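In case you want the letters, here they are:
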Amino acid sequence: MKIAIDGPAGAGKSAAAKAAAKKLGFIYVDTGALYRGIGLFALRKGAKTNSIEEVVPLLAQIKIEMRHIEGEQHIFLNGEDITGLIRTESVSAAASDVSAIPAVRDFLFDMQRDIAEKNDVVMDGRDIGTVVLPDAELKIFLTAKPEIRARRRVNQLAEKGVEANYDDVLADVIQRDYNDSHREFRPLKLAEDGIFMDNSEITLEETIENIIALAKERKA
Ligand code: DC
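Notes on the structure in this doc start here. Here the structure is a predicted model, which is why all the values come from computation and not from measurement.

**Brief notes about empty space enclosed by the protein**
Inference 1: Counted by the stated rule, this structure contains one cavity of 30 Å³ or more.
Inference 2: Empty space within the largest cavity amounts to approximately 40 Å³.
Inference 3: Surrounding the largest cavity, Asp6, Gly129, Thr130, Lys139, Ile140, Phe141, Lys189, Leu190, Ala191 and Gly194 form its lining.
Inference 4: Counting residues per element, the ones that place at least two in the lining of the largest cavity are helix H6 (128-132) and strand S7 (138-143).
Inference 5: Sorting elements by how many residues they give to the lining of the largest cavity places S7 first, with three residues.
Inference 6: Taken together, the residues of the lining of the largest cavity break down into four nonpolar, three polar and three charged.

**With respect to the site of the ligand**
Inference 1: Taken together, 14 residues are adjacent to the ligand, and Thr31, Arg36, Arg105, Arg126 and Asp127 come closest.
Inference 2: In this structure, Thr31 approaches the ligand through a side-chain N or O atom, which is 3.0 Å from a nitrogen atom.
Inference 3: Taking Arg126, its side chain carries an N or O atom lying 3.0 Å from an oxygen atom of the ligand.
Inference 4: Contact with the protein chains hides 92% of the accessible area of the ligand, taken as 450 Å² for the molecule alone.
Inference 5: When contributions to the shell around the ligand are tallied by element, the ones reaching two or more residues are helix H2 (32-44) and helix H4 (89-99).
Inference 6: For the shell around the ligand, a count of residues per class yields three nonpolar, five polar and six charged.

**Focus on the nonpolar core**
Inference 1: With 34 residues, the main nonpolar core has Ile38, Val104 and Leu133 as its most contacted residues.
Inference 2: Elements that contribute at least two residues to this core include exactly H2, strand S3 (64-69), strand S4 (72-77), H4, helix H5 (102-118), strand S6 (121-125) and H6.
Inference 3: Considering each element in turn, this core owes the most residues, seven residues, to H2.
Inference 4: Apart from the residues within four sequence positions on either side, Ile38 is in contact with Leu59, Ile62, Ile64, Val98, Val104, Phe107 and Leu108.

**What to know about the packing of helix H1 (residues 13-24) against helix H9 (residues 204-219)**
Inference 1: Contact geometry for H1 and H9: axes closest at 9 Å, N-to-C directions at 50 degrees. In terms of orientation, H1 lies oblique with respect to H9. Relative to H9, H1 is oriented so that their crossing is right-handed. Contacts between H1 and H9 involve Ala15, Ala16, Ala19, Ala20, Lys23 and Leu24 on the former and, on the latter, Leu204, Thr207, Ile208, Glu209, Ile211, Ile212 and Ala215.
Inference 2: Here the residues of the contact of H1 with H9 are counted per class, giving ten nonpolar, one polar and two charged.

**What about the packing of helix H7 (residues 146-159) against helix H8 (residues 166-182)?**
Inference 1: Packing of H7 against H8 leaves a shortest axis separation of 9 Å and a crossing angle of 125 degrees. When the axes of H7 and H8 are compared, the pair comes out oblique. Handedness of the crossing formed by H7 with H8: right-handed. Between H7, through Pro146, Glu147, Arg149, Ala150, Arg151, Arg153 and Val154, and H8, the contact on the second element is made entirely by Tyr166, Val169, Leu170, Val173, Ile174 and Asp177.
Inference 2: A breakdown of the residues in the contact of H7 with H8 according to their chemical character gives eight nonpolar, no polar and five charged.

**Thoughts on H5**
Inference 1: With 17 residues, H5 ought to run about 24 Å at 1.5 Å a step, and its terminal C-alpha atoms sit 25 Å apart, in line with that.
Inference 2: Its axis deflected by about 30 degrees at Phe109, H5 carries its strongest bend there.
Inference 3: Buried within H5 are the following residues: Val104, Arg105, Leu108, Gln112, Ile115 and Ala116.

About the cut-offs
- Residues numbered from 1 in each chain as written.
- Predicted model: local features only at pLDDT ≥ 70, side-chain atom pairs only at ≥ 80, totals over all residues.
- Heavy atoms only, no water.
- 1 Å grid on protein atoms, 1.4 Å probe; cavity = no way out; pocket = protein on both sides within 12 Å on 5 of 7 lines; lining within 4 Å.
- Points joined across faces, edges and corners; volume = space filled by probe spheres on them.
- Helix = DSSP H or I, 4+ residues; strand = E, 2+ residues; numbered from the N terminus.
- Nonpolar A, V, L, I, M, F, W, Y, C, P; charged D, E, K, R; others polar.
- Near = heavy atom within 4 Å.
- Polar contact = N/O pair within 3.5 Å; in protein donor to acceptor, adjacent residues only side chain to side chain.
- Areas by Shrake-Rupley, 256 points an atom, 1.4 Å probe, with all protein chains shown as cover.
- Core = buried A, V, L, I, M, F, W, Y, C linked by side-chain atoms within 4.5 Å.
- Buried < 20%, exposed > 50% of the residue type's maximum accessible area, 1.4 Å probe, protein only.
- Contact = heavy atoms within 4.5 Å.
- Axes fitted to C-alpha atoms, helices over the stretch in contact; angles between N-to-C directions.
- Parallel < 35°, antiparallel > 145°, perpendicular 65-115°, else oblique.
- Left-handed = near helix turned anticlockwise from the far one by under 90°.
- Expected span 1.5 Å × (residues − 1).
- Bend = angle between axes of the 7 residues up to and from the residue.

Set out below in structure tokens:
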């Protein structure tokens, strides 16, 4: 069975998808980590991450792999485990840049399909239900109001000891939403047969329960 969970950053996709996968006994696949791996490589090479001319030639030098170790997804870049290196703000921005390049999306397409062919998966990303797994049995578009996502982000950063200005974070969330949903190539959008789920007013646990209930319904 394939479950696709798409939506903007900060909607709690990864937490919900990961927990749902665990409960269902499926593999959780975080596709954003693949884009982050390419972003990291481009940064290390000193490339301008939004430049097609500079990023595309690098793809031939990249071998990116995803392995599940004790139930956790690890990302390997040319043999190096980069799992702990891809969550920084600079890699986030680089991933967002490279993800707008069609050749980068094509480069990662087969790998994502291949994992889903071989396993029961809950896969989270931006174009999983629309492009990568159009045949997924369940497609969810998980989102929350920008103000709520900004507040969650500020709290997350505070937990890490980083102080952030709410208005700045909100402006950033709104700008990224615009970029993701207006990019020319495979923008973030609800799949025709996708289920729209707004978790602004519900807890993470309720979101997970809703996903599990839908999965069971589809499986039956
Ligand atoms: O989910 P994330 O924040 O780790 O994703 C990092 C970047 O990659 C984000 O800017 C969106 C992009 N992305 C994408 O375009 N398609 C995917 N399937 C997953 C992520």
